[in-house]
Amino acid sequence: MPSLLSPSPVWHPYAHLKTQRPAPRVVGGEGASFTLEGGETLLDATCSWWCMIHGYRHPRLVRAIQQQANTLCHVMLGGLTHEPADRLARELVRITPAGLDHVFFSDSGSVGMEVAMKMAVQYHQLHGRPGKHRLLSLMKAYHGDTAGCMAVCDPEEGMHSLFAGYLPRHHFAPAPTAPFDAEPDAVEQDLAALRVVLERHHHEIAALLMEPLLQAAGGLNMTSPQYLRGARKLCDEFDVLLVFDEVATGFGRTGRMFAADHADVTPDVMVLSKGLTGGYLGHAATLATGRVHDAFVGDSPLHAFMHGPTFMGNPLACAVALESLAVFEEEDYLGRIAALNEVLHNELLDDTRLAEHPAITDIRVLGATAVIETHDAADLVGVDDWARERGVWLRPIGRWLYTMPAYITSAQEMRRITEVMKGWFG
Ligand SMILES: *Cc1c(COP(=O)(O)O)cnc(C)c1O
């Protein structure tokens, strides 16, 4: 058996194997912080890729998993059902925008998006429009790492350009540029760009996909609720389904329960993951409206939706997701998110010295999300070590230094994070 001191066989994600350093070993966590072997404690500014919204070792979430484990850890959803799946589906229908009445479970955000894309293509097929088999995505988009998802990520700046030859080709519209609080005029230009692509290619487009309001991994690009409303209208005009990838934005990240809520828009399909289980287990849900669902009601074998991940509706994941939602509502998480937003506003947006720093091109805040955008990824080299020396876990994406904290992060902890983010720029 290899000793713990020999190089680990664990292959880390997004890592340069030649230059990577040994990863710190996490032994536990409590609240917004996790602890490393040797006792070092780090305040997590990213809540583990934005999913650990209740922080680590939340007693209610831990108990929900333990209790469910005593009853039923897993059973297939093919031909069978169980109470946690049924209850979670009902809860998701209750809290999501009106009209999303059907829930397809899967095991990760990427697979949830694959399900959404297949649903959209099959929907048009079943309506006798087999030519509508391509997708329309936005530049700066990130929708996951599986093949179908890679094909709808930003094809230029995105991380998957190396696979261009392997992937199906879809259509892309420019990323929206109007900020969250933009005047309607500013949004018109973004919508006009979307219209151009739809006018030219709608006959082959099944769905428009977007991360509503916040394009997360592609650079924390934020836009206006007006853009969502305009996109909804364009989709109706061109008979294109609207798919919201709320894997990152769902469960409060933008300040409302869902980004769609800011715009009062119901997409045809919506995908949830990351925060769904409070990060405690991998799971995802793809919700569809009655219009989409009912297209699949029919007599031919082609009407079945041919997808079924082994672990879809896993009872442990459903049980902890139900508990996560209960805590979210009972403990006024939207209020906590508003309080975090206030700190982010005061400490980052209102800091005039920071705004004038020559390395910084923009600072954006939305809900419990803040980003300092720099000119060049080189401006952020070393920031993770520097933050760690100050007790904070930060992990920039390219030239974006950001925080998406757990919602249980206190105002004082939030300020510790913003101090470190600002401190890097002197
Ligand atoms: C993380 C993410 C995904 C992929 O989810 P995985 O669970 O990592 O497969 C998809 N879409 C968005 C917007 C994401 O942020």
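Residues numbered from 1 in each chain as written. Predicted model: local features only at pLDDT ≥ 70, side-chain atom pairs only at ≥ 80, totals over all residues. Heavy atoms only, no water.

**Remarks on the overall build of the chain**
For clarity, the threshold we go by: We count a stretch as a helix when DSSP gives it H or I for four or more residues in a row; a strand needs E for two or more, and each element gets its number in order from the N terminus. With the radius of gyration taken over C-alpha atoms, the globule rule is written as 2.2 Å times the number of residues to the power 0.38. Remark: exposure states derive from per-residue accessible area (1.4 Å probe, protein chains only) relative to the maximum for the residue type, with buried under 20%, exposed over 50%, and partly exposed in between. In what follows, a contact means two residues having at least one pair of non-hydrogen atoms within 4.5 Å.
Each helix and strand in the chain was counted, giving 14 helices and 16 strands. What you see for the chain is a C-alpha radius of gyration of 22 Å, in line with the 22 Å of a compact globule of 426 residues. The proportion of buried residues among the 426 residues of the chain is 52%. A fraction of 72% describes how many contacts in the chain between residues 6 or more apart in sequence connect residues 24 or more apart.

**Comments concerning the packing of aromatic side chains**
Inclusion rule: Under the pairing criterion, centres of Phe, Tyr and Trp rings, with the six-membered ring standing for Trp, must be within 6.5 Å; the plane angle then separates stacked pairs below 30 degrees from edge-to-face pairs above 60, leaving the rest tilted. The rule for a charge over a ring is simple: NZ of Lys or CZ of Arg within 6 Å of the ring centre, and within 35 degrees of the ring normal.
All chains considered together, the criterion is met by twelve aromatic pairs. For the pair Phe 104 and Phe 305, a centre-to-centre distance of 5.2 Å together with 90° between the ring planes defines the contact as edge-to-face. In this pair, Phe 104 is assigned in strand E4 (residues 100-106) and Phe 305 in the loop between helix H9 (290-295) and helix H10 (315-330), connecting sequence segments 201 residues apart. No difference in accessibility class separates Phe 104 from Phe 305, as the two residues are buried. Relative to Tyr 407, the ring of Phe 328 has its centre 6.1 Å away and its plane inclined at 85°; by these criteria the two rings are edge-to-face. Of this pair, Phe 328 sits in helix H10 while Tyr 407 sits in the loop between strand E16 (400-403) and helix H14 (411-423), and the two are 79 residues apart along the sequence. Each member of the pair, Phe 328 together with Tyr 407, is buried. Grouping aromatic residues by their ring pairs yields a cluster made of Phe 34, Tyr 56 and Trp 393. The positively charged end of Lys 118 is found above the aromatic ring belonging to Phe 305, 5.9 Å away from the centroid. A cation over an aromatic ring shows up here: Arg 390 above the ring of Trp 386, its NZ or CZ 3.7 Å from the ring centre.

**Details of the nonpolar core**
Cut-off, in case you're wondering: Throughout, nonpolar core names a set of buried Ala, Val, Leu, Ile, Met, Phe, Trp, Tyr and Cys residues whose side chains join them through atoms within 4.5 Å. Domain extents, as shown, originate in an automatic or database domain assignment.
Core analysis: the biggest nonpolar cluster contains 129 residues, and Leu 92, Leu 194, Leu 208, Met 210 and Phe 251 have the highest contact counts within it. Looking at this core element by element, the count peaks at eight residues for helix H4 (residues 109-126). Residue assignment places this core across two domains, with domain 1 (26-57 + 332-424) and domain 2 (72-329) each supplying three or more. Contacts of Leu 194, omitting those with residues within four sequence positions, involve Leu 136, Leu 138, Ala 173, Leu 208, Tyr 227, Ala 231 and Leu 234.

**Description of the pattern of salt bridges**
Operational definition: Here, a salt bridge means any side-chain nitrogen of Lys or Arg that lies within 4 Å of a carboxyl oxygen of Asp or Glu.
Enumeration according to the criterion identifies 24 salt bridges in this entry. Residue Arg 87 is joined to Glu 83 by a salt bridge in which the shortest nitrogen-to-oxygen separation is 3.9 Å. Of this pair, Arg 87 and Glu 83 both sit in helix H3 (residues 83-95), four residues apart, which is roughly one turn of that helix. The partner of Arg 232 in a salt bridge is Asp 268, and the shortest N-O contact between them spans 2.9 Å. With Arg 232 in helix H7 (residues 225-237) and Asp 268 in the loop between helix H8 (259-263) and strand E11 (269-272), this residue pair connects regions lying 36 residues apart in the sequence. Both residues of the pair, Arg 232 and Asp 268, belong to the buried class. Bridged by salt links that share partners, the residues Arg 60, Glu 323, Glu 330 and Glu 331 form one connected network.

**Some words on the domain arrangement of the chain**
Selection rule: By buried area we mean how much accessible surface two parts lose on assembly, using a 1.4 Å probe and totalling the loss over both. We call two N or O atoms a polar contact when they sit within 3.5 Å, provided that within protein one can donate a hydrogen and the other can accept it, with sequence-adjacent residues counted only if both atoms are side-chain atoms. Residue polarity follows a fixed list, in which Ala, Val, Leu, Ile, Met, Phe, Trp, Tyr, Cys and Pro are nonpolar, Asp, Glu, Lys and Arg are charged, and the others, Gly among them, are polar.
What the domain assignment lists for the chain is domain 1 (26-57 + 332-424) and domain 2 (72-329). A C-alpha centroid distance of 27 Å is found between domain 1 and domain 2. Facing 28 residues of domain 1, the contacting portion of domain 2 comprises 29 residues. Between domain 1 and domain 2, roughly 2,300 Å² of surface is buried when both sides are summed, and carbon and sulfur atoms account for 66% of that area. For domain 1, the biggest contributors to the area lost against domain 2 are Trp 50, His 54 and Leu 366; these three give 27% of the whole. The interface formed by domain 1 and domain 2 holds 14 residue pairs in polar contact (both at pLDDT 80 or more) in total. Looking at the side of domain 1 that touches domain 2, the elements with two or more residues in it are helix H1 (47-50), helix H11 (333-349), strand E13 (360-366), strand E14 (369-374) and E16. In the side of domain 1 that touches domain 2, the residues fall into 20 nonpolar, four polar and four charged.

**Considering the packing of helix H2 (residues 59-71) against H10**
Filter applied, for reference: Note on geometry: axes are lines fitted to C-alpha atoms, helical ones only across the stretch in contact, with angles between N-to-C directions running from 0 to 180 degrees. In this scheme, roughly parallel covers angles under 35 degrees and roughly antiparallel covers those over 145, while 65 to 115 is roughly perpendicular and the rest are oblique. Two helices cross in a left-handed way if the nearer one is turned anticlockwise from the farther one by less than a right angle. They cross in a right-handed way if the turn is clockwise.
Running from N to C, H2 and H10 point in directions that differ by 150°, and their axes come no closer than 9 Å. It follows from the interaxial angle that H2 and H10 lie roughly antiparallel. Classified by chirality, the crossing of H10 by H2 is right-handed. Together, Arg 60, Leu 61, Ala 64, Ile 65, Gln 68 and Ala 69 of H2 and Pro 315, Leu 316, Ala 319, Val 320, Glu 323, Ser 324, Ala 326, Val 327 and Glu 330 of H10 make up the contact between the two elements. Its residues placed into classes, the contact of H2 with H10 shows ten nonpolar, two polar and three charged.

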